[in-house]
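Single-letter residue listing:
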Amino acid sequence: MFLWMAAMLFSVSASAQYYPYGRYNSHKSHSRYVQHPRHDRIGDSYGGLRLGLSLANVNSDSPYLDGNKMRAGVVAGLVGGTRIAGYTPLYLEAGVLFSQKGGKCESGGEKFTYTLDYLEVPLVFKYIADLGGNVTIEPFVGGYAALGVGGKIKDYQYREAYSSFGDKYTDNFKRFDGGIRVGCGFSFDQFYLEGAYDFGLANVGKDAFDDTHTGALNLTLGMNF
């Protein structure tokens, strides 16, 4: 998936010459966007590719699931946004992402690592402010829902690995996760840079008496079109 996303970014970049101002090029006759009376340069809709790094952890009351040290992973996928206010550059953005979360735990001579692979659907409200020179700043806030599709728990003391979401052990994770997403993006023409944090609100541990929540800092690059 990482290599596929990199190839897609390269191909979109190579074809960007046909839209020299990306989704903001509303004054070109061949643009897919229609100029409105508000006379701004920001289009009514956009799509984008995202590829980046996830720095994640797991905070839990359970000593077996408390992966409070960050673990690096990959986040990649597609997003799309549409303008929801005529005279204000406020957008509703949704996406489909593959997101690797998890954490590391080292306590009392024991070491665990948790890999949590999710198919994630974010939904955020984004304000796109045109700074001029084809540069925008894009703060956003919203939420996300995620479904666990894979991952491993590694117990280094007993040299054992098992599924993060399986039924063999009770000291593992539920598949569903959800929470709040906040962040900010920057763009120049088609190129996009974003930092976002996911605050997990769902209790992803199977023990109802111990709260277990995910968290992840996502740093992504992308292309908008």
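The rules behind each value
- Residues numbered from 1 in each chain as written.
- Predicted model: local features only at pLDDT ≥ 70, side-chain atom pairs only at ≥ 80, totals over all residues.
- Heavy atoms only, no water.
- Buried < 20%, exposed > 50% of the residue type's maximum accessible area, 1.4 Å probe, protein only.
- Helix = DSSP H or I, 4+ residues; strand = E, 2+ residues; numbered from the N terminus.
- Pairing = 2+ DSSP bridges.
- Core = buried A, V, L, I, M, F, W, Y, C linked by side-chain atoms within 4.5 Å.
- Patch = residues over 30% accessible without salt bridge, like charges linked within 9 Å, V, L, I, M, F, W, Y side chains within 5 Å.
- Areas by Shrake-Rupley, 256 points an atom, 1.4 Å probe, with all protein chains shown as cover.
- Salt bridge = Lys/Arg side-chain N within 4 Å of Asp/Glu carboxyl O.
- pLDDT = per-residue confidence, 0-100.
- Contact = heavy atoms within 4.5 Å.

## Side note on the pairing of strand β1 (residues 45–60)
Extensive coverage of β1 is indicated by the burial of 12 of its 16 residues. Pairing geometry for β1 and strand β2 (residues 71–83), over 12 bridges, is antiparallel. If you follow G52 over to β2, its bridge partner there is V75. The pairing of β1 with strand β11 (residues 212–224) spans 13 bridges and is classified as antiparallel. Among the inter-strand pairings, L51 is bridged to a residue of β11, identified as L221.

## Quick word on the nonpolar core
Counting 14 residues, the largest nonpolar core has F112, Y114, L116, Y118, I153, F165 and F173 as its most contacted members. Contributions of two or more residues to this core are made by β4 (110–127) and β6 (135–150). With 4 residues, β4 is the single largest residue contributor to this core.

## What to know about unusual backbone geometry
It is generally the case that most residues other than glycine have a negative phi and that most peptide bonds are trans. Of note in this structure, N134 is not a glycine but carries a positive phi near 65°. For N134, the location among the structural elements is in the loop between β5 (129–132) and β6. A positive phi angle is found at R159, which is not glycine, with a value near 50°.

## So, a nonpolar patch on the surface
Residues V96, L119, V121, L147 and V149 make up a contiguous nonpolar surface patch of roughly 420 Å² in combined accessible area. Within the secondary structure layout, L119 lies in strand β4. Residue class for L119 comes out partly exposed when judged on its relative accessible area of 42%.

## Here we look at the pattern of salt bridges
Using the criterion set out here, one finds 7 salt bridges in the structure. The salt bridge involving K126 is made with E93; its shortest N-O contact spans 3.0 Å. A residue pair is termed long-range when its members are at least 10 positions apart, and K126 in strand β4 and E93 in strand β3 (residues 90–107) qualify at 33 residues. The buried category is assigned to K126, whose relative accessible area is 0%. Two residues, D198 and R181, come together in a salt bridge whose shortest N-O distance is 2.7 Å. With a gap of 17 residues between them, D198 in strand β10 (residues 191–200) and R181 in strand β9 (residues 176–188) connect regions that are remote in the sequence. In terms of burial, D198 and R181 fall into one category: buried.

## Concerning the pairing of β2
Where β2 lies against β3, 9 bridges are found, and the strand directions are antiparallel. Its bridge partner lying in β3, V79 is registered against G95.

## A word on the confidence of the model for the chain
When pLDDT is averaged across the chain, the result is 84; 80% of the residues are at 70 or more. Overall, residues 12–22 carries pLDDT values under 50, and its contacts beyond four positions in sequence, including any with other chains, amount to 20 contacts. In this model residues 24–39 is a low-confidence stretch, pLDDT under 50, and it forms 38 contacts with partners more than four residues away in sequence or in other chains.

## With respect to the side chain of E120
In this fold, E120 is placed in strand β4. Classification of E120 by relative accessible area gives buried; the value is 0%. Apart from residues no more than four positions distant in its own chain, E120 is found in contact with G95, V96, L97, S99, K101, Y144, A145, A146, R181 and D198.

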